[in-house]
Amino acid sequence: MDLVPVLEEPLKKLLGPPTAKVMAEHLGLHTVGDLLHHYPRRYAERGELTRLADLPLDEHVTVVAQVATARVLRFNGGSGQRLEVTITDGSGQLQLVFFGRGIHKPHKDLLPGTRAMFAGKVGVFNRKMQLAHPAYQLLTADSSEEAAETVGSWAGALLPIYPATAKLESWKIAKAVDLVLPSAREAVDPLPESLREGRDLVPLPEALLKIHRPHTKADIADARARLKWDEAFVLQVALARRRFADTQLTAVPRAPKPDGLLTAFDAKLPFTLTDGQRKVSKEIFDDLATDHPMHRLLQGEVGSGKTMVALRAMLAVVDSGGQAAMLAPTEVLAQQHHRSITEMMGELAQGGMLGGAEHSTKVVLLTGSMGTAARRQALLDLATGEAGIVIGTHALIEDKVQFHDLGLVVVDEQHRFGVEQRDALRSKGKQPPHLLVMTATPIPRTVAMTVFGDLETSVLDQLPAGRSPIASHVVPAADKPHFLTRAWERVREEVGKGHQAYVVCPRIGDDEDEKPKKGGKSAAKKQSPEDEAEKRPPLAVLAVAEELARGPLHGIKVEVLHGRMQPDDKDAVMRRFAAGETDVLVATTVIEVGVNVPNATAMVIMDADRFGVSQLHQLRGRVGRGSAPGLCLLVTEMPEASPARARLGAVASTLDGFELSRIDLEQRREGDVLGQAQSGVRSSLRMLAVIEDEEIIAEAREEATRVVTADPDLERLPALRTALDALLDEEREQYLDKG
């Protein structure tokens with residue numbers, strides 16, 4: 001008998017339309033099941049006073065505290081009145097304030113000695129933290145029936161504090177949970193019984209009851225252990241089924257010919273491949289030789305030689321009679337790849353041309369801004385098979401583009417492409433082509449297993465010989481302005497040695513830029529230096545370039561590059577910079593990915609605190625690509641004690657991208673790091689922390705693979721199938737369709 005509909009009941013039936021509307025709009029909760037999976041974020045104990053000393057400014061908080069004093073004050077010559085209540089816990093005090101007619105009830109309720117839960121947004125007035133008009137729930141027994149009932153229901157229990165909003169306080173959510181909690185007994189358990197018993201996990205209905213209404217801390221631990229397993233396992237089963245389905249597809253095996261194009265290419269390489277490149281190439285060649293499509297994620301540091309590995313895979317496919325397509329996120333990057341690949345291949349890229357080698361092919365570029373004649377020729381070369389390799393932007397995906405025999409798709413900087421774009425390109429093969437996804441954003445192993453769990457992963461973690469070290473330093477412009485002066489002197493010194501430099505700014509800076517939003521922050525908060533730095537609009541390319549050319553870099557050739565320039569202009573600027581005709585390039589993050597100028601040795605990142613950890617690491621990888629050491633200066637106006645400065649300190653202290661990605665994830669939590677494209681996963685991970693729960697994810701992946709191999713359609717596990725259907729709504733289904 002299917003009991004799931006009980007959990008699919010809309011909340012408005014049980015809670016009434018107004019409350020249900022707030023839950024849907026502000027918390028994304030629509031059904032009984034959604035609310036049961038909205039877990040408390042912590043618990044206040046009866047008798048335990050929440051620390052007032054740790055209140056975060058500008059956030060909605062719930063505190064349990066005791067009233068110390070309450071007094072009514074008059075203002076406006078006696079016509080206005082306000083109630084000021086001081087509450088206290090073991091760690092500090094907090095002022096509550098109520099105005100006008102709103103003071104009567106709290107004046108009666110909040111007598112000294114009264115204990116209550118208070119909720120509101122923490123603000124500052126006269127340099128003191130306060131809650132204005134907080135909602136409150138009394139916890140002390142007085143004569144009123146309601147208070148006695150409250151104490152009765154909470155006596156000796158742990159008080160759940162729910163993720164709440166200004167429109168819906170934690171205890172109102174708790175009351176709503178009380179109404180739906182009986183339905184938890186009807187929750188269908190997705191975990192196979194053998195797995196649950198083998199790992200000593202409590203059944204799902206029991207876990208839901210214990211997480212919402214625990215009697216002891218052991219109840220909470222039992223519930224968490226069980227609910228984490230649910231999330232990890234159901235997601236890993238979805239990914240395992242995707243991997244299994246991929247193994248059922250047929251693809252043309254693409255093995256390199258002996259003495260073909262790949263052999264000729266390897267013979268003319270002026271350097272030897274690193275051990276990492278050899279190992280990863282072998283994994284890729286083994287996949288390409290099978291008769292089902294490869295699905296591999298290649299992650300490696302900026303400059304670790306991913307393009308070389310991808311190119312050798314493309315040459316192997318051309319050797320076997322197929323074609324390879326490389327999809328790049330921007331025109332600048334597509335042009336850059338085309339240039340570097342044709343340079344690396346030399347006469348091997350001149351198929352059908354005078355001077356072309358015996359084993360050669362044509363390498364074509366296809367972008368949206370190409371002239372009609374060049375575009376027509378490129379399309380013809382692809383359709384006839386004359387071009388073995390094509391490099392392009394999303395222009396490759398258009399209907400007009402036909403391939404003779406597409407064998408391999410390489411996607412560069414995977415996170416910048418939507419699912420539909422990748423699928424559209426893959427559908428151009430007569431049979432599913434092999435897929436290689438590359439990213440220079442290092443991803444911790446568990447995140448890779450969660451976000452890219454349908455792809456096998458290869459990691460390049462060695463830098464090729466000849467790559468130079470990069471020194472990174474934080475430049476605190478507000479505390480020590482002379483450090484910034486010294487930064488520009490260092491840029492002049494690098495240019496004086498014949499090198500070049502980048503200056504990166506967060507925005508472009510012209511009329512089309514967004515105006516700063518009015519009144520974003522409370523007047524009280526504007527006093528902090530951190531806020532002053534954040535309130536100022538981010539530094540802009542156009543303004544900074546002008547200032548540098550007039551001032552500290554006067555007499556040096558400075559050019560600008562940003563995303564709103566015409567493609568031809570962008571390319572011309574990049575060509576001049578690559579040719580050494582420009583000394584300093586002032587740019588937005590368009591240079592973040594793939595721009596390769598070995599002579600560029602210095603980078604100054606303005607307002608560095610406005611960029612994420614991974615992005616700073618990516619940008620920094622643009623320097624030190626030649627034989628001279630690199631220098632990266634992170635300029636910030638943030639004060640020393642701020643979290644932003646700590647983040648910049650972390651970037652300056654290590655060049656290990658995997659270490660930084662862990663720091664990034666710990667600081668920002670999964671939501672930001674998994675990003676929009678993975679919003680399906682993000683919204684389904686309520687209990688699981690991708691870094692802390694590494695072991696659970698790894699074990700769940702093994703269990704899931706075992707279950708799916710034995711029963712791909714989950715016919716013997718109908719409850720698991722039901723749970724999967726709930727996880728894979730349309731958005732998440734798309735997310736899982738990456739492969």
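It should be emphasised that the depicted structure is a prediction, and the values quoted were computed from it without experimental measurement.

**Side note on the overall build of the protein**
Secondary structure assignment for the protein yields 28 helices and 21 strands. When the 739 residues of the protein are sorted by exposure, 53% land in the buried category.

**A word on the packing of helix 10 (residues 217-248) against helix 26 (residues 694-710)**
Packing of helix 10 against helix 26 brings their axes to within 8 Å, and their N-to-C directions diverge by 50°. Viewed along their axes, helix 10 and helix 26 adopt a mutual orientation that is oblique. Judged by the sense of rotation from one axis to the other, the crossing of helix 10 with helix 26 is right-handed. From helix 10, Lys-228, Trp-229, Ala-232, Phe-233, Gln-236, Val-237, Ala-240, Arg-241, Arg-243 and Phe-244 reach across to helix 26, where they touch Ile-696, Ile-697, Glu-699, Ala-700, Arg-701, Glu-703, Ala-704, Thr-705, Val-707 and Val-708. When grouped by side-chain class, the residues that make up the contact of helix 10 with helix 26 number 12 nonpolar, 2 polar and 6 charged.

**Side note on the nonpolar core**
With 39 residues, the main nonpolar core has Met-314, Met-345, Ile-389, Leu-408 and Leu-436 as its most contacted residues. It is helix 13 (residues 306-319) that provides the largest number of residues to this core, a total of 10 residues. Of all hydrophobic cores here, the second largest spans 32 residues; its members include Val-32, Tyr-162, Leu-168 and Val-202.

**A short note on the pairing of strand 3 (residues 80-88)**
Of all 9 residues making up strand 3, 7 are buried, and the element is well covered by its neighbours. Relative to strand 3, strand 2 (residues 60-75) runs antiparallel, the two sharing 9 bridges. Bridge pairing in strand 3 places Val-72 opposite Leu-83. What sits between the antiparallel neighbours strand 2 and strand 3 is a turn of 4 residues, in which Asn-76 has the positive phi angle 55°. With 7 bridges connecting them, strand 3 and strand 4 (residues 93-99) associate as antiparallel partners. Within strand 4, the residue paired with Glu-84 across the bridge is Val-97. The hairpin formed by strand 3 and strand 4 contains 4 residues between the paired strands.

**Thoughts on the sheet that holds strand 9 (residues 295-300)**
Read across the sheet, 7 strands follow the order 11-12-10-13-14-9-15 without closing on themselves; strand pairing throughout is parallel. For this open sheet the edge positions go to strand 11 (362-366) and strand 15 (456-460), each flanked by a neighbour on one side alone. Going across the sheet, the axis of each strand differs from the next one's by a mean of 20°, ignoring polarity. Two strands pair when backbone bridges link them, and strand 10 (residues 323-327) and strand 13 (residues 406-412) are joined in this way by 5 bridges, in the parallel orientation. Each bridged residue has a counterpart across the sheet, and for Ala-325 the counterpart in strand 13 is Val-409. Taken strand by strand, helix 13 contacts strand 9, strand 10, strand 12 (387-392), strand 13, strand 14 (434-439) and strand 15, and its axis lies near 170° from that of strand 13. Those strands touched by helix 14 (residues 331-345) are strand 10, strand 11, strand 12 and strand 13, and its axis lies near 170° from that of strand 11.

**Observations regarding the sheet that holds strand 17 (residues 500-504)**
Read from one edge to the other, the open sheet built from 6 strands follows the order 16-21-20-17-19-18, with strand pairing classed as parallel. Each edge of the open sheet carries a strand with a single partner, namely strand 16 (470-476) and strand 18 (558-561). Ignoring which end each strand starts from, the neighbouring axes of this sheet average 20° apart. Of the pairings in the sheet, the one linking strand 16 to strand 21 (residues 630-636) comprises 7 bridges and is parallel in character. Bridging from a neighbouring strand, Ala-471 pairs with Leu-631 of strand 21.

**Describing the packing of aromatic side chains**
Centre distance and the angle of the planes are the two values used to describe a pair of aromatic rings. Taken as a whole, this structure holds 5 aromatic pairs when the rule is applied. Measuring from ring centre to ring centre gives 5.1 Å for Tyr-502 and Phe-577, while their planes differ by 50°; the resulting arrangement is tilted. Highlighted residues: Tyr-502 in strand 17 and Phe-577 in helix 21 (residues 567-578), separated in sequence by 75 residues. Overall, Tyr-502 belongs to the buried group, its relative accessible area being 0%.

**Describing the confidence of the model for the protein**
Summing up the model confidence of the protein, the mean pLDDT is 81 and the portion of residues at 70 or higher is 83%. Low pLDDT (under 50) marks residues 512-527, which in the prediction has 14 contacts with non-local residues, meaning those over four places away or in another chain. For residues 730-739, every residue scores under 50 in pLDDT, and the model assigns this stretch 39 contacts once sequence neighbours within four places are set aside.

**Side note on the pattern of salt bridges**
Scanning the entire structure with this criterion turns up 34 salt bridges. Put simply, Lys-105 and Asp-109 hold a salt bridge, and the shortest N to O gap is 2.8 Å. Of this pair, Lys-105 and Asp-109 are both found in helix 5 (residues 104-109), 4 residues apart, which corresponds to roughly one turn of the helix. Classification of Lys-105 as exposed rests on a relative accessible area of 53%. We classify Asp-109 as buried; its relative accessible area is 14%. Among the ionic pairs, Arg-576 bridges to Glu-559, the shortest N-O distance being 2.7 Å. In this pair, Arg-576 sits in helix 21 while Glu-559 sits in strand 18, placing the two residues 17 residues apart along the sequence. Taken together, the shared-partner salt bridges in this structure form one network comprising Arg-486, Glu-489, Arg-490, Glu-493, Glu-494 and Lys-497.

Basis of the calculations
Residues numbered from 1 in each chain as written. Predicted model: local features only at pLDDT ≥ 70, side-chain atom pairs only at ≥ 80, totals over all residues. Heavy atoms only, no water. Helix = DSSP H or I, 4+ residues; strand = E, 2+ residues; numbered from the N terminus. Buried < 20%, exposed > 50% of the residue type's maximum accessible area, 1.4 Å probe, protein only. Axes fitted to C-alpha atoms, helices over the stretch in contact; angles between N-to-C directions. Parallel < 35°, antiparallel > 145°, perpendicular 65-115°, else oblique. Left-handed = near helix turned anticlockwise from the far one by under 90°. Contact = heavy atoms within 4.5 Å. Nonpolar A, V, L, I, M, F, W, Y, C, P; charged D, E, K, R; others polar. Core = buried A, V, L, I, M, F, W, Y, C linked by side-chain atoms within 4.5 Å. Pairing = 2+ DSSP bridges. Phe/Tyr/Trp six-rings, centres within 6.5 Å; stacked < 30°, edge-to-face > 60°. pLDDT = per-residue confidence, 0-100. Salt bridge = Lys/Arg side-chain N within 4 Å of Asp/Glu carboxyl O.

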